[in-house]
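Each chain is listed here by its residues.
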Amino acid sequence: MAHSAIPAERWSVIEQELAAHEYVRTVDLVERLDVSVETVRRDLAVMESRGVLVRVRGGAVASGQKTRVESSYSERSQSGQREKAAIGRAAAAMVPDDSTVVIDVGTTALHVVRSLSTSFEGLLVTNSLPAATLASERLTCGVVVLGGRVRRGDLAVSGMRSHEFLQDFRPDVAFLGSGGISTSAGLTDFDYDEVHLRRVIIEVSAHAWVLADATKFGTVAPFRVGGFDDLAGVVTDQQPSAELRESIVAAGGDVIVGAP
């Protein structure tokens, strides 16, 4: 295909590729569209902001479909900062001052730590080394890191040691990361070990909330954490579809939308 200077034409081709294949690679789009990698990445970013697709490592998948690939930690760290900050502020406002809070892994979870009051005097428990580091630098509360295997990239800790260690705690509130939330599959994620740890977090916590920006709506990652029944609800940056919201509310949960 000849080079197209018209973004709408490129977006149409990308949509056609997504309709024909479960996953489109950036390198293939560069060749198909005869444009630079930077141009393709900008196109994908625009299309993701419009809800057409979800960017993942090396390419993209159509919004709302199953995906077996997660975008890299560096990509996730740089995307949707405003939305994630809004979620972080909303979640932090829900943490009682003298309480035990669990902060899960993920780039959105880090914004919860950034938004916690410096006067917070409770206990912060986390399986995220970046979250533990950030909390130790800006907060005076107690910080506990779960033991176990460390995953490269986001430096998440998981494994049986983490499960056993967490059983000794009774957190007042927990904030869970997410790979996707959907009416059909509930809460899903990409790492098998972390999925099992999230189930333990839900089990031992009085209230467990899912942190999910709008790009997670309708997405189904490979491994299911569980349904909405055992969750307090979802903290997000915008209202989900009526169907998804009804599924959460019907299970007894709530949807909290952070102010921009």
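Residues numbered from 1 in each chain as written. Predicted model: local features only at pLDDT ≥ 70, side-chain atom pairs only at ≥ 80, totals over all residues. Heavy atoms only, no water.

1. Some remarks on the packing of helix 2 (residues 26-33) against helix 3 (residues 37-49)
Then comes step 1: Where helix 2 meets helix 3, the closest approach of the two axes is 9 Å, and the angle between their N-to-C directions is 110 degrees. In terms of orientation, helix 2 and helix 3 fall into the roughly perpendicular class. Mapping the contact onto sequence places T26, L29, V30 and L33 in helix 2 and V37, V40 and L44 in helix 3.
Then comes step 2: In the contact of helix 2 with helix 3, the residues fall into six nonpolar, one polar and no charged. (Axes fitted to C-alpha atoms, helices over the stretch in contact; angles between N-to-C directions. Helix = DSSP H or I, 4+ residues; strand = E, 2+ residues; numbered from the N terminus. Parallel < 35°, antiparallel > 145°, perpendicular 65-115°, else oblique. Contact = heavy atoms within 4.5 Å. Nonpolar A, V, L, I, M, F, W, Y, C, P; charged D, E, K, R; others polar.)

2. A short note on the pattern of salt bridges
Then comes step 1: Counted according to the given criterion, the structure contains nine salt bridges.
Then comes step 2: In this structure, D43 and R10 form a salt bridge, with 2.6 Å as the shortest nitrogen-oxygen distance. Pair noted here: D43 is in helix 3 and R10 is in helix 1 (residues 7-20), with a separation of 33 residues, a long-range link.
Then comes step 3: A salt bridge links R151 to D191; the nearest nitrogen and oxygen atoms lie 3.6 Å apart. Highlighted residues: R151 in strand 7 (residues 149-151) and D191 in the loop between strand 11 (186-189) and helix 9 (192-204), separated in sequence by 40 residues. (Salt bridge = Lys/Arg side-chain N within 4 Å of Asp/Glu carboxyl O.)

3. Some points on the sheet that holds strand 10 (residues 180-182)
Paired through backbone hydrogen bonds, the strands of a sheet run either parallel or antiparallel to each other.
Then comes step 1: Taking strand neighbours across the sheet as the criterion, the three strands line up as 10-11-13 in an open arrangement whose pairing is antiparallel. Of all strands in the sheet, those with a lone pairing partner are strand 10 and strand 13 (223-226), marking the two edges. With direction set aside, neighbouring strand axes in the sheet form an average angle of 35 degrees.
Then comes step 2: Summarising the sheet, strand 11 and strand 13 pair through three bridges and their orientation is antiparallel. Each residue of the ladder has a partner; that of T188, found in strand 13, is R224.
Then comes step 3: The sheet contacts of helix 9 involve strand 11 and strand 13, and relative to strand 13 the element is tilted by about 5 degrees. (Pairing = 2+ DSSP bridges.)

4. A word on the nonpolar core
Then comes step 1: Judged by nonpolar contacts, the single largest core of 27 residues is most densely connected at V125, L166, L176, I181, I201, V210 and L231.
Then comes step 2: Among the secondary structure elements, those contributing two or more residues to this core are strand 9 (173-176), helix 9, strand 12 (208-211) and helix 10 (242-250).
Then comes step 3: Among the elements that line this core, the one with the most residues is helix 9, at six residues.
Then comes step 4: Leave out the neighbours within four places in its chain, and I181 touches G186, L187, V210, A212, K216, F217, G218, T219, F228, V234 and L244. (Core = buried A, V, L, I, M, F, W, Y, C linked by side-chain atoms within 4.5 Å. Buried < 20%, exposed > 50% of the residue type's maximum accessible area, 1.4 Å probe, protein only.)

5. Thoughts on the pairing of strand 4 (residues 100-103)
Looking down a regular strand, the side chains alternate between one sheet face and the other.
Then comes step 1: Residues T100 and V102 point to one face of strand 4 and V101 and I103 to the other, with burial holding for every one of them.
Then comes step 2: Sheet topology places strand 4 next to strand 5 (residues 123-126); four bridges connect them, and they run parallel. Bridge pairing in strand 5 places V102 opposite V125.
Then comes step 3: Once you follow strand 4 into helix 6 (residues 107-115) and on to strand 5, the crossover reads as right-handed.
Then comes step 4: Where strand 4 meets strand 9, three bridges bridge the pair, whose relative direction is parallel. If you follow I103 over to strand 9, its bridge partner there is F175. (Right-handed = clockwise from strand over helix to strand, strands pointing away.)

6. Some remarks on the packing of aromatic side chains
Then comes step 1: Overall, the coordinates contain two aromatic pairs when judged by the stated rule.
Then comes step 2: A ring pair is formed by F165 and F169, whose centres lie 5.6 Å apart and whose planes are at 75 degrees; its orientation type is edge-to-face.
Then comes step 3: Classification of F165 by relative accessible area gives partly exposed; the value is 31%.
Then comes step 4: Taking relative accessible area as the criterion, F169 reaches 14% and is therefore assigned buried. (Phe/Tyr/Trp six-rings, centres within 6.5 Å; stacked < 30°, edge-to-face > 60°.)

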